[in-house]
Each structure stands twice: as structure tokens, then as C-alpha cells.
Amino acid sequence: AAGIYGTVEQGFRKLGYLIGVQGCLNGKALVSLDTGKPEEAEKLLKESEETCRRLGYKKGLQASLGNQAIALCLRGNPGEAARLLQEAERICREIDYKEGLATALINRSILEARGGDLATSNALAAEAGGIVEQCGMKRLAKEIGPLKDAIRDMGAAPSSRLAPEYSRMIRWIVKKQKQEKK
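We now turn to the structure provided with this report. The structure displayed is predicted, hence computed values, not measured ones.

Cut-offs applied
- Residues numbered from 1 in each chain as written.
- Predicted model: local features only at pLDDT ≥ 70, side-chain atom pairs only at ≥ 80, totals over all residues.
- Heavy atoms only, no water.
- Phe/Tyr/Trp six-rings, centres within 6.5 Å; stacked < 30°, edge-to-face > 60°.
- Buried < 20%, exposed > 50% of the residue type's maximum accessible area, 1.4 Å probe, protein only.
- Salt bridge = Lys/Arg side-chain N within 4 Å of Asp/Glu carboxyl O.
- Helix = DSSP H or I, 4+ residues; strand = E, 2+ residues; numbered from the N terminus.
- Axes fitted to C-alpha atoms, helices over the stretch in contact; angles between N-to-C directions.
- Parallel < 35°, antiparallel > 145°, perpendicular 65-115°, else oblique.
- Left-handed = near helix turned anticlockwise from the far one by under 90°.
- Contact = heavy atoms within 4.5 Å.
- Nonpolar A, V, L, I, M, F, W, Y, C, P; charged D, E, K, R; others polar.
- Core = buried A, V, L, I, M, F, W, Y, C linked by side-chain atoms within 4.5 Å.
- Expected span 1.5 Å × (residues − 1).

Moving on: the packing of aromatic side chains. If you walk through the whole model with that rule in mind, you get 1 aromatic pair. Here the aromatic rings of Phe12 and Tyr17 are separated by 5.0 Å at their centres, their planes lie at 70°, and the arrangement is edge-to-face. According to the relative accessible area criterion, Phe12 is partly exposed, its value standing at 23%. Assessed through its relative accessible area of 15%, Tyr17 is described here as buried.

Encoded structure:
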């Protein structure tokens, strides 16, 4: 998959289609994350972030920041990951992008649960769950529902930890763009 993203990315670069380039960078980064290469993913996502900032493309920016947060967590830097998730959350609220907002909230919830702040974790998970339910996001609801329940159950047994199957953060998928070439 990374090879296909690379080929498409080069085509987009030749065309000057930078929104497509950032999408390919994000896609290659997800492959890197899934193959255990968070450093490589972080480098690709930084370039995607810079491209989005230069273009003023906030939807792509929030995805780049959110996926960078995942890479940072995998590299042992949850504090910086939390900062990036908060920025992604702020952007999603600003542009009214509910899917990204729910993803940022549940990933922040996971970080808070890992850090032991169950009250904040539960509040974030509840908000994320409410958004996906209200908006009818079935795919995301399948991911968020079990996480929300696991975090809620931790509150009943404060000495418990978030089980490994529930501590994996949700990746941002950059969907096909409907914008003009920039």
C-alpha cells in the first residue's frame, strides 16, 4: 500500500495538487504506524501538517495532528500527543467536523484513562459517544462504543487498567477530497 501511495503522491506533486499530496503522506504514515515504524510515520505526518498549514486546509491538518499524536504515543510521549489532540479537537470544533472531533475526544479519553484521570476520561468518552450516536456514524460507533464502555467500567474498579485491546488509539482516515486543485 505504501508503494501505491508513493506513486500517487509523485503524480500529485507533478500536478501541483498539494491536497492530494498531504492525503498520500497521511496514508503512507498509517501504513508506517501499522507496520511498527512510528518515527517514519511522524516524519511523513509533519510534512503533511506543514502542507496543510500552508494551504489553510484545516480538515487535513486535524487528521495530520491526530495521527501524529498516535505516533508520539507509540514513541512514549503522551504529553505532546495530548497537546496535538487538543489542537485537533479545537480545529474540528471550529470547522464543525464531527467525525474528527469524536476521534480526537476518544483518543484523548484513552490518554486520560492511561494516566489515571477517569473522570476526565469518562467525560471525553461520553461526548465522543454522543456525537457518533447523534450523527449516525456507524463505523466509528463500532470503534468508540467498546472503548467508552471499557473506560466507564474502569470507574467501577479504580484499580483496574485499560485492557490492551482498548488502549489502541483510533486512526484518522483522510477521505477523498472534493476541493479544487491548489
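The subject of this paragraph is the pattern of salt bridges. Taken as a whole and judged by the stated rule, the model has 21 salt bridges. One salt bridge in this structure joins Arg90 and Glu87, with 4.0 Å as the shortest N-O distance. Here the residue Arg90 and the residue Glu87 both occupy positions in helix α5 (residues 78-95), the gap between them amounting to 3 residues, near one helical turn. Residue classification places Arg90 among the partly exposed residues on the basis of a relative accessible area of 45%. In this structure Glu87 comes out as buried when scored by relative accessible area, which is 15%. The partner of Arg139 in a salt bridge is Glu99, and the shortest N-O contact between them spans 2.8 Å. Taken together, the residues span a long stretch of sequence, with Arg139 in helix α8 (residues 138-156) and Glu99 in helix α6 (residues 98-115) at a distance of 40 residues.

This part is about the packing of helix α2 (residues 18-34) against helix α4 (residues 58-74). It is at 11 Å that the axes of α2 and α4 come closest, and there the two elements cross at 20°. Here α2 is positioned roughly parallel relative to α4, judged by the angle of their axes. The crossing of α2 and α4 is left-handed. Along the contact surface, α2 presents Gln22, Asn26, Leu30 and Leu33, while α4 presents Gly60, Ala63, Ser64, Asn67, Ile70, Ala71 and Leu74. Tallied by class, residues from the contact of α2 with α4 come to 6 nonpolar, 5 polar and no charged.

Moving on, we get to the side chain of Asn67. If you trace the backbone, Asn67 turns up in helix α4. In this structure Asn67 comes out as buried when scored by relative accessible area, which is 0%. The residues touching Asn67, leaving out its near neighbours within four places in the chain, are Asn26, Leu30, Leu33, Leu45, Arg171 and Trp172.

Two elements in contact, α6 and helix α7 (residues 118-135), have axes whose closest approach is 8 Å; the angle formed by their N-to-C orientations is 155°. Between α6 and α7, the crossing angle belongs to the class labelled roughly antiparallel. Where α6 crosses over α7, the two elements pack in a sense that is left-handed. Facing Lys98, Leu101, Ala102, Leu105, Ile106, Arg108, Ser109, Glu112 and Ala113 of α6, the residues of α7 in contact are Leu118, Thr120, Ser121, Leu124, Ala125, Glu127, Ala128, Ile131, Val132 and Cys135.

If you look at the biggest cluster of nonpolar residues, it comprises 51 residues, and the most contacted ones within it are Ala102, Ile106, Leu140, Ile144 and Met169. Elements with a minimum of two residues in this core: α2, α3 (38-55), α4, α5, α6, α7 and α8. Beyond its immediate stretch of four places on either side in the chain, Ala102 contacts Ala128, Ile131, Val132, Leu140 and Ile144.

Turning our attention to α2. The end-to-end C-alpha separation of α2 is 24 Å, in line with the 24 Å expected for 17 residues at 1.5 Å each. Burial analysis of α2 places 14 of its 17 residues in the buried class, the great majority of the element. Directly beyond the C-terminal end of α2, a positive phi value near 75° is found at Gly36.

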